[in-house]
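# Observations on chain architecture
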Amino acid sequence: MPAAGVTRVDAHRALPSGKRGFRARDEPDNGPRSRAEWRYAKGRCSRGRGRPGTYATGMAPDLVHAGHRVPLVRGRTLFDAADELELVVPASCRRSGRCHECIVEVTAGGDALSAPGAEEAFLRPGYRLACRASVERNDADIEFAVLRRRLRIFMPPDGPPLEVDPAARVIDNRVCLLADDGTPVDDLGPAHGRVLGLALDVGTTTVVLELVDLVSGEAIAAAAFENPQRFGGSDVMARISYDGEHPGELRRALRRALNAELARLYAAWGVDRHEVVEVVVVGNATMRDLAFGLDVAPIGRSPYRSTTETAWRAGETASTAVERRAHELGLLVHPRARVWGAPLIACHVGADAAADLVAMDGEAAGLPRMLVDVGTNTEVILTDGRRT
């Protein structure tokens with residue numbers, strides 16, 4: 001029997017003959033043939049939206065994602081609901097809870113889900129692993145959102161290639177990494193195909209990346225996705241606190257999301273990961289240092305300085321820049337690619353603001369200028385043409 005207040009409608013009578021996904025009344029019933037028919041046959045069609053299946057005269061509770069609804073069924077997980085909604089949820093452990101990738105935010109009805117298990121101990125309230133959270137009660141809507149969403153970004157119109165001065169150069173048909181004085185310091189092997197670099201801006205909310213040809217300066221491809229570290233808090237202070245409680249979890253979340261996006265770009269543009277031999281990373285002090293696995297706790301307390309800034313002020317290093325090899329960070333590029341974290345300005349004003357200054361030629365114009373970088377955190381930089 002249908003639930004109280006809900007009326008079942010015969011799909012054969014509701015749709016005209018020949019409507020895709022449903023049989024005309026005079027056709028033999030040989031079982032469901034299309035995805036839509038399987039949904040109808042299982043009683044899973046959306047409710048109250050003019051589509052065949054169950055129509056609501058008094059709405060029954062649903063699982064909801066971005067306004068799209070599927071019926072609540074006890075025992076089903078949020079991952080099952082995502083499958084039905086055709087959402088892409090990252091996972092690499094066959095839904096066993098080990099990979100920590102399928103994080104979703106539950107915005108309503110969380111008390112109707114199963115209690116968090118040991119696999120979810122690293123998550124704060126409001127966040128669940130989609131493969132572990134199952135429906136226990138079906139008396140209220142449960143609303144959730146997948147964290148890792150790809151975003152659309154506006155790119156500047158096509159223009160001349162960028163002027164590049166990479167650390168990776170082709171010398172005698174071999175790819176070499178150079179020191180600041182131009183001396184070769186590492187041989188990455190024969191030059192096959194293109195020599196590419198990756199520009200990476202790790203924002204608190206959004207991550208943007210671009211593949212660049214290091215010979216011609218041409219931009220090959222670009223992408224953006226929501227920073228998957230949101231489960232650790234929406235601002236840098238919350239993430240600093242979270243990283244102290246769960247060291248490394250935020251870095252791993254970013255690495256997994258970034259590698260997944262790189263794999264997608266490589267497949268779409270015919271790129272071999274070994275062609276990417278240099279990576280430049282910018283972001284505010286916290287985001288940059290988290291990406292490199294540095295201790296961010298000092299940024300969260302007075303005088304709010306990165307460990308790299310403290311070392312630079314003490315004369316222990318020549319810069320606040322950070323350098324690693326890709327295999328140390330687990331990035332899906334050439335294993336010995338140089339990964340360079342651009343220098344910070346001071347305190348929370350990070351490498352992203354420094355990159356902005358480079359992009360606008362800093363003090364080169366000799367005129368008063370103001371730079372405003374509006375993001376989750378906002379920086380304002382003024383120059384009179386002589387000093388900043």
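Everything discussed here concerns the structure shown above.
Let us now look at the overall build of the protein chain. If you tally the helices and strands in the protein chain, you get 9 helices and 19 strands. When burial is assessed residue by residue, the protein chain has 44% of its 388 residues classed as buried. Long-range pairs, those at least 24 residues apart, make up 55% of the contacts in the protein chain between residues at least 6 apart in sequence. Of the roughly 20300 Å² of accessible surface on the protein chain, 52% is carried by carbon and sulfur atoms.

The end-to-end C-alpha distance of helix α5 (residues 249-269) is 30 Å, a good match for the 30 Å that 21 residues give at a rise of 1.5 Å each. For α5, the full list of buried residues reads Glu 249, Leu 250, Ala 253, Leu 254, Arg 256, Ala 257, Leu 258, Asn 259, Glu 261, Leu 262, Leu 265 and Tyr 266. Of the residues flanking the end of α5, it is Gly 270, one or two places downstream, whose phi is positive at about 65°.

Below, the discussion takes up empty space enclosed by the protein. Inspection of the entire model under this criterion finds 3 cavities of 30 Å³ or more. The space that makes up the largest cavity amounts to roughly 120 Å³. Taken together, Leu 200, Val 202, Arg 251, Leu 254, Arg 255, Leu 258, Val 281, Ala 291, Leu 329, Leu 331 and Val 339 make up the lining of the largest cavity. Those elements that provide at least two residues to the lining of the largest cavity are β12 (196-202) and α5. For the lining of the largest cavity, the element with the most residues is α5, which contributes 4 residues. The class makeup of the residues in the lining of the largest cavity is 9 nonpolar, no polar and 2 charged.

Moving on, we come to the sheet that holds strand β11 (residues 184-190). Across the sheet, 3 strands lie side by side as β9-β10-β11; this open sheet has antiparallel pairing. Looking along the sheet, the strands with just one partner apiece sit at the ends: β9 (168-171) and β11. Averaged over all pairs of adjacent strands, the angle between their axes in this sheet comes to 35°, without regard to strand direction. The pairing of strand β10 (residues 174-178) with β11 spans 5 bridges and is classified as antiparallel. Within the sheet, the bridge partner assigned to Val 175 lies in β11 and is Gly 189.

This brings us to the side chain of Glu 309. Structurally, the position occupied by Glu 309 is in helix α7 (residues 307-313). Once residues lying within four places of it in the same chain are set aside, the contact partners of Glu 309 are Thr 320, Ala 346 and Cys 347.

With omega at 10°, the peptide bond leading from Ser 302 into Pro 303 counts as cis. Mapped onto the fold, Pro 303 is located in the loop between α6 (285-291) and α7. In this structure, His 100 is a non-glycine residue whose phi angle is positive, near 60°. Along the polypeptide, His 100 turns up in the loop between α3 (78-84) and β5 (103-108). The phi angle at Asp 172 is positive, at roughly 55°, despite the residue not being glycine. Among the structural elements, Asp 172 can be located in the loop between β9 and β10. For Asp 172, a relative accessible area of 73% gives the class exposed.

For the structure shown, the criterion picks out 2 aromatic pairs. Each ring, one from Phe 122 and one from Phe 231, has its centre 5.8 Å from the other, and the planes form 90°; the classification is edge-to-face. Residue Phe 122 is located in the loop between β5 and β6 (127-129), and its partner Phe 231 is located in the loop between β14 (219-226) and α4 (236-245); the two are separated by 109 residues in the primary sequence. With a relative accessible area of 1%, Phe 231 lands in the buried category. Residues Phe 231 and Tyr 242 carry aromatic rings whose centres are separated by 5.5 Å and whose planes lie at 80° to one another, so their mutual orientation is edge-to-face. A residue pair is termed long-range when its members are at least 10 positions apart, and Phe 231 in the loop between β14 and α4 and Tyr 242 in helix α4 qualify at 11 residues. The exposure class assigned to Tyr 242 is buried, which follows from its relative accessible area of 0%. Joined through ring pairs, the aromatic side chains of Phe 122, Phe 231 and Tyr 242 make up one cluster. In this structure, Arg 95 is placed above the aromatic ring of Phe 79, and the distance from its NZ or CZ to the ring centre is 3.8 Å.

If you trace the backbone, Ala 221 turns up in strand β14. Its relative accessible area of 7% is what places Ala 221 among the buried residues. In sequence terms Ala 221 and Leu 209 are 12 residues apart; their C-alpha atoms lie 8.5 Å from each other. Leave out the neighbours within four places in its chain, and Ala 221 touches Leu 209, Glu 210, Leu 211, Leu 265 and Trp 269.

Inspection of the secondary structure puts Arg 386 in the segment after β19 (378-383). For the pair Arg 386 and Leu 367, spaced 19 residues apart in sequence, the C-alpha separation works out to 8.1 Å.

Strand order in the open sheet made by the 5 strands is β4-β3-β7-β5-β6, with mixed pairing throughout. For this open sheet the edge positions go to β4 (68-71) and β6, each flanked by a neighbour on one side alone. Recorded for the sheet is a direction-independent mean angle of 35° between the axes of neighbouring strands. One ladder, built from 3 bridges, connects β5 with β6; its direction is antiparallel. Directly across from Ile 103, in β6, lies its bridge partner Leu 129.

About the thresholds
- Residues numbered from 1 in each chain as written.
- Predicted model: local features only at pLDDT ≥ 70, side-chain atom pairs only at ≥ 80, totals over all residues.
- Heavy atoms only, no water.
- Helix = DSSP H or I, 4+ residues; strand = E, 2+ residues; numbered from the N terminus.
- Buried < 20%, exposed > 50% of the residue type's maximum accessible area, 1.4 Å probe, protein only.
- Contact = heavy atoms within 4.5 Å.
- Areas by Shrake-Rupley, 256 points an atom, 1.4 Å probe, with all protein chains shown as cover.
- Expected span 1.5 Å × (residues − 1).
- 1 Å grid on protein atoms, 1.4 Å probe; cavity = no way out; pocket = protein on both sides within 12 Å on 5 of 7 lines; lining within 4 Å.
- Points joined across faces, edges and corners; volume = space filled by probe spheres on them.
- Nonpolar A, V, L, I, M, F, W, Y, C, P; charged D, E, K, R; others polar.
- Pairing = 2+ DSSP bridges.
- Axes fitted to C-alpha atoms, helices over the stretch in contact; angles between N-to-C directions.
- Phe/Tyr/Trp six-rings, centres within 6.5 Å; stacked < 30°, edge-to-face > 60°.
- Lys NZ or Arg CZ within 6 Å of the ring centre and 35° of its normal.

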